[in-house]
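Coordinates in review
What follows is each chain in one-letter form.
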Amino acid sequence: MNKKTSPWPALWALVIGFFMILVDTTIVSVANPKIMEGLKTDINSVIWVTSAYLLAYAVPLLVTGRLGDRFGPKNIYLIGLVLFTGASLWCGLSGSIEMLITARVVQGLGAALMTPQTMAVITRTFPPNRRGQAMALWGATSGVAMLVGPLLGGVLVDGFGWEWIFFINVPVGVVAFILAIILVPKLPTHQHSFDILGVVLSAVGLFLLVFGIQEGETYNWGTITGPITVWGLIIAGLVVLAGFVAWQAFNKGEPLMPLKLFRDRNFSLASFGISAVGFAVSSMSLPLIFFAQLVLGFTPTQSALLMVPMAVVVLPLSPIVGKLVDRVHPRYLAFFGLFVLALGLLWYAAWLDTDASLWPRLLLPSLVLGIGNAFIWSPLSVTATHNLPPAQAGAGAGIYNTVRQIGSVLGSAAIAALIEARLTANGLHSASSGAQFSGSKLPAIVQQPFTDAMAQSMLLPAAVALLGAVVVLFFVRPKDNGQWSATQGTPVVNKAPEPVES
């Protein structure tokens, strides 16, 4: 390829792999009750199927972005795709919850290798005034995944069994690999050193924090074993993460997380905003799907239909928002999206009810969530990456995706703890009887307290989304490096994309 070659075919090829990663997050939420039934486990254990994946996804992102800078985003993407596809086959063949969780960890590592490369290619091949449209495609992919993931998951679980939500990734992964080989260009590489101590500190700190939060209710927020307590793990995790930040400031070489990137106000605020989105999106589906299947008695396919309005709205709105991002101050778009997302979640919390005849009204909050999502992804992504120099594209994309995934894994852990706490407060306990909360409809006597617990749990992602909406109000207009005209607010082009090689 030469520098006049359109970057769109490469982006489409990468988006297929990114789409598969997102589908694999949403598809599992629909299958959770059936996985509980098939592997004879409880709610907290089955949520680890998601949390383990998100944790393994989040921790390496800081270094995998650098790997893309050093060895080329195409090469790292292909390695991650092979790892992800192979781990998907392993997941489907798992015969115990422990094996499934282990396979999901490997799958998360593959996803971590792939994700930063998509954003880095956008930043390095699209001129600033066209990144809004490219990021809109990147963001719209999440909308398609929200639609395809639950629906496909429901059909596969109902027709073939939960294992097939993982087997389906194998042919998709093969197609994505072939397209990436053909269409994704080789980009210039940059020399990097790798902060091994930073990787260890971030991994240990996040694991301690997430394990403590998610398992807190299981151990009644007390002793786990010997002198080790839940609060001890949480505090230790925070201390280790503080040590990680201190090391990043002290490291005179090339730190894993260049703190100087956070001197850019918009990068810092957008990073917080996307972590709030990750928290809300990863945590909201669990109580809703459990309610639909265990209270209303929906099949996985029927419960997935609740997500359809959300995804259908995202698809047509995302390109429109992508064009607006190149012209309108991002604070207004991002605030609107996060605020509407919070409203949709609050609406769900108010409307969950044991009366199955009222289920059609649950489609209205889903519609609102779709509107909110459409206004979130592109404004946040463009604002975060607007001022990144090419040599820092991988590091910046890695940090941005890391904080998104950290938000997701904390959301998954926090919602698990909150669901356990609300079930206990309402006279139930998921761990007391795995059969009680298996794939079939709950007995009538426990439906109301279970519904109350799920509705109360929905308040947590709503609160986090609202906090994100407040934070993005403090965005400043991005610097005029080609995306906004300082005088007229119209897009101008000052810098061409990087040349690429075939």
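Read on for an overview of the structure. These numbers come from a predicted model, not from an experiment. (Residues numbered from 1 in each chain as written. Predicted model: local features only at pLDDT ≥ 70, side-chain atom pairs only at ≥ 80, totals over all residues. Heavy atoms only, no water.)

1. Re the overall build of the protein
Selection rule: Counting from the N terminus, the helices are DSSP H or I runs at least four residues long and the strands are E runs at least two residues long. For every residue, the accessible area obtained with a 1.4 Å probe (protein chains only) is divided by the maximum for its type, and the residue is called buried under 20%, exposed over 50%, and partly exposed between those limits. Between two residues, a contact is recorded if the distance between any of their heavy atoms is within 4.5 Å. Accessible areas in this description were obtained via Shrake-Rupley with a 1.4 Å probe; residue shielding takes into account the shown protein chains only.
Each helix and strand counted, the protein has 19 helices and two strands in total. By residue count, 59% of the 502 residues in the protein fall in the buried class. Across the protein, contacts joining residues at least 24 apart in sequence account for 84% of those joining residues at least 6 apart. Per element, the accessible surface of the protein, about 17,800 Å² overall, is 70% carbon and sulfur.

2. A word on the nonpolar core
Quick note on the threshold: Take the buried residues of types Ala, Val, Leu, Ile, Met, Phe, Trp, Tyr and Cys, join any two whose side-chain atoms come within 4.5 Å, and each joined set is a nonpolar core.
In this structure, Leu100, Phe290, Leu380, Phe450 and Met454 are the most contacted members of the largest nonpolar core, which totals 126 residues. Among the elements that make up this core, the one with the highest residue count is helix H11 (residues 265-294) (16 residues). In this structure Phe290 touches Asn32, Pro33, Met36, Ile43, Val46, Val295, Phe450 and Met454, once residues within four positions along its chain are discounted.

3. A look at empty space enclosed by the protein
Keep this limit in mind: The distinction between a cavity and a pocket rests on a 1 Å grid over the protein atoms alone: a 1.4 Å probe fits inside a cavity but cannot get out, while a pocket stays open yet meets protein on both sides within 12 Å along at least five of seven lines, and a residue with an atom within 4 Å of a point counts as lining. Grid points are joined across faces, edges and corners, and a volume is the space filled by probe spheres set on the points. Here the nonpolar group is Ala, Val, Leu, Ile, Met, Phe, Trp, Tyr, Cys and Pro; Asp, Glu, Lys and Arg are the charged ones; every other residue, Gly included, is treated as polar. Per the annotation, domain bounds derive from an automatic or database assignment of domains.
In this structure the tally under the stated criterion is three cavities of 30 Å³ or more. In this structure, the largest cavity encloses a volume near 400 Å³. Around the largest cavity, the lining is made up of 27 residues, and of these Leu22, Thr25, Thr26, Val281 and Ser282 lie nearest the centre. For the lining of the largest cavity, the secondary structure elements donating two or more residues are helix H1 (8-39), helix H2 (43-58), helix H6 (131-159), H11 and helix H17 (393-425). Sorting elements by how many residues they give to the lining of the largest cavity places H11 first, with seven residues. When grouped by side-chain class, the residues that make up the lining of the largest cavity number 14 nonpolar, twelve polar and one charged. Each of domain 1 (1-189) and domain 3 (257-477) gives at least three residues to the lining of the largest cavity.

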